[in-house]
Amino acid sequence: MYVMKCSRDGSFEEGEVNPYGNIQLSPSAGVLNYGQASLKSYRKEDGGLLLFRPELNAKRMMMGAERMCMPCPSLHQFVEAVKQTALANKRWVPPHGKGTLYMRPMLLGSGAVLGLAPAPEYTFLVYASPVSDDYFKGSGGLNLYVEEEYDRSARLGTGGIKSICNYAPALKAMGRAKGRGFSDVLYLDSVEKKNIEEASACNVFIVKGNVISTPAARGTILPGVTRKSIIEIARDHGYQVEEGVVPVDQLLDADEVFCTGTAVVVAPVNTITYRDQRVQYKTGVGSVTSELYSTLVGLQRGVVEDKKGWTVEIS
């Protein structure tokens, strides 16, 4: 087999012919990641560790594996693997309030197969990395661009599962938007191109008065664990949460917009640009976004009493 490698600048080194054999890859290699699930471990004030709703991540992997014709670890096996990984990497969990241990469970078709068919062998692995709380590196709020040329997913496709085929195609539009000074893109539905769906890797919410609207998870967007949690928290706080079709025009007179996800947590949106119109939203102290963020993070870090049984203490 012929092997030639290329750096990010697009320059391939001189290749060579090698005997057919296995190749070595980092567990964090781009081709392997964004497979099925991700979650975090949080350090409490007393030094203990918490996981947040790991069983939902396990169920999401099961759903994705079924769609992709893959066997899947049981809920117990998944949660135990995550617990063991967190404990083995305990010294890498940042101090309380300074970051989290991001964990990446992956399910891979690792068996050799030449034709188009399910792999004969599968590998489940979990690895971890400490991360800061500032996913967008110092941003006071996201600046999104409504993408109309490219689609993220289509009806009856795989847009509703956490599979690698949902992420690599988003890099083109995201890279172009970042080159123009935006944080990310906001995708529209692929049929009518008039209803918002989600950003490249996070769900989106719109706030107008006491009403919070978010696109329904009907197969084209990810049913995120953070999304589900924020919906429940918002309702507990007295907000009316509506899941359904959200026309892009609603962005034009919204009070606030925010995104949710394991990595971004709850990220306020500062501006959204749609065609030739740029709309700015309320962010910061006193905002609905800040209120929901504080409650969610308080639960995740053990500061707010967990009356829902969402957290799992592992040390």
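An unreviewed UniProt entry lists the chain under the name Branched-chain-amino-acid aminotransferase, with Linum tenue given as the organism. For the record of the chain, the UniProt heading Sequence similarities (unreviewed entry) holds the text "Belongs to the class-IV pyridoxal-phosphate-dependent aminotransferase family." Of the chain, the UniProt comment under Cofactor (unreviewed entry) reads exactly: "pyridoxal 5'-phosphate".

When its secondary structure is counted, the chain shows five helices and 16 strands. Once the C-alpha set of the chain is aligned to its principal axes, its extents read approximately 65 × 50 × 35 Å. Classification of the 315 residues of the chain by burial places 46% in the buried group. Roughly 16000 Å² of accessible area belongs to the chain as shown, and the carbon and sulfur atoms make up 52% of that amount. Looking at the chain, you have 35 positive and 34 negative side-chain charges, and the mean spots of the two groups are 2 Å apart.

Mapped onto this structure's residue numbering, the UniProt feature "modified residue: N6-(pyridoxal phosphate)lysine" (unreviewed entry) falls at Lys162. Within the secondary structure, Lys162 sits in the loop between strand S7 (142-147) and helix H3 (171-179). Residue class for Lys162 comes out buried when judged on its relative accessible area of 10%.

We now examine the state of the cysteines. Considering all chains together, one arrives at zero disulfides under this definition. The closest cysteine sulfur to the non-disulfide-bonded Cys165 is located on Cys69, 12 Å from its own sulfur. For Cys165, a relative accessible area of 37% translates into the label partly exposed. Looking at the unpaired Cys202, the closest cysteine sulfur is the one in Cys259, lying at 4.1 Å.

Here the focus is helix H2 (residues 75-88). Across its 14 residues, H2 extends 20 Å between first and last C-alpha, which sits within 8% of the 20 Å expected from 1.5 Å per residue. Of the residues making up H2, those classed as buried are Phe78, Val79, Ala81, Val82, Thr85 and Ala86. For H2, the arc enclosing every buried residue in end-on projection is 160°, short of the 170-degree limit, so these residues lie on one face. Residues of H2 that are exposed and point more than 90 degrees away from the buried face comprise His76, Gln84 and Ala88. In this structure, the buried residues of H2 make contact with strand S3 (39-43), strand S4 (49-52), helix H1 (54-67), strand S5 (100-108) and strand S6 (123-131).

A few words now on the nonpolar core. Among the nonpolar cores identified, the biggest contains 23 residues, and Val146, Ile196, Leu251, Val257, Val269, Ile272 and Tyr281 are the most heavily contacted of them. Among the elements of the structure, S7, strand S8 (184-188), strand S9 (196-199), strand S10 (203-208), strand S13 (256-261) and strand S14 (265-274) are those that each provide at least two residues to this core. Considering each element in turn, this core owes the most residues, four residues, to S14. Beyond its immediate sequence surroundings of up to four residues, Val146 is in contact with Leu186, Leu188, Val248, Leu251, Ile272, Thr273 and Tyr274. Core analysis: the next-biggest nonpolar cluster, separate from the first, contains 20 residues, Phe52, Ile231, Tyr239 and Leu296 among them.

Let us now look at the pairing of strand S15 (residues 277-280). Note that S14 and S15 share four bridges and pair antiparallel. Looking at the pairing, Thr271 lines up with Gln280 of S15. The hairpin formed by S14 and S15 contains two residues between the paired strands, and Arg275 there has a positive phi angle of roughly 60°.

Our focus in this paragraph is the packing of aromatic side chains. Within a pair of aromatic rings, the relevant descriptors are the distance that separates the centres and the angle that separates the planes. Within the structure shown, the criterion is met by four aromatic pairs. With a centroid separation of 5.9 Å and 40° between ring planes, the pair formed by Phe78 and Phe124 is classed as tilted. You can see Phe78 sitting in helix H2 and its partner Phe124 sitting in strand S6, a full 46 residues away along the chain. With relative accessibility at 1%, the residue Phe78 sits in the buried group. Taking the relative accessible area as the measure of exposure, Phe124 reaches 26% and is therefore partly exposed. Arg180 extends its terminal NZ or CZ atom over the ring of Tyr145, reaching a point 5.7 Å from the ring centre.

What counts, and at which threshold
Residues numbered from 1 in each chain as written. Predicted model: local features only at pLDDT ≥ 70, side-chain atom pairs only at ≥ 80, totals over all residues. Heavy atoms only, no water. UniProt positions renumbered as here; feature names shortened; annotations may be inferred. Helix = DSSP H or I, 4+ residues; strand = E, 2+ residues; numbered from the N terminus. Buried < 20%, exposed > 50% of the residue type's maximum accessible area, 1.4 Å probe, protein only. Areas by Shrake-Rupley, 256 points an atom, 1.4 Å probe, with all protein chains shown as cover. Lys, Arg positive; Asp, Glu negative; His and termini not counted. Charge placed at Lys NZ, Arg CZ, Asp CG, Glu CD. Disulfide = S-S within 2.5 Å. Expected span 1.5 Å × (residues − 1). Arc of directions from axis to C-beta. Contact = heavy atoms within 4.5 Å. Core = buried A, V, L, I, M, F, W, Y, C linked by side-chain atoms within 4.5 Å. Pairing = 2+ DSSP bridges. Phe/Tyr/Trp six-rings, centres within 6.5 Å; stacked < 30°, edge-to-face > 60°. Lys NZ or Arg CZ within 6 Å of the ring centre and 35° of its normal.

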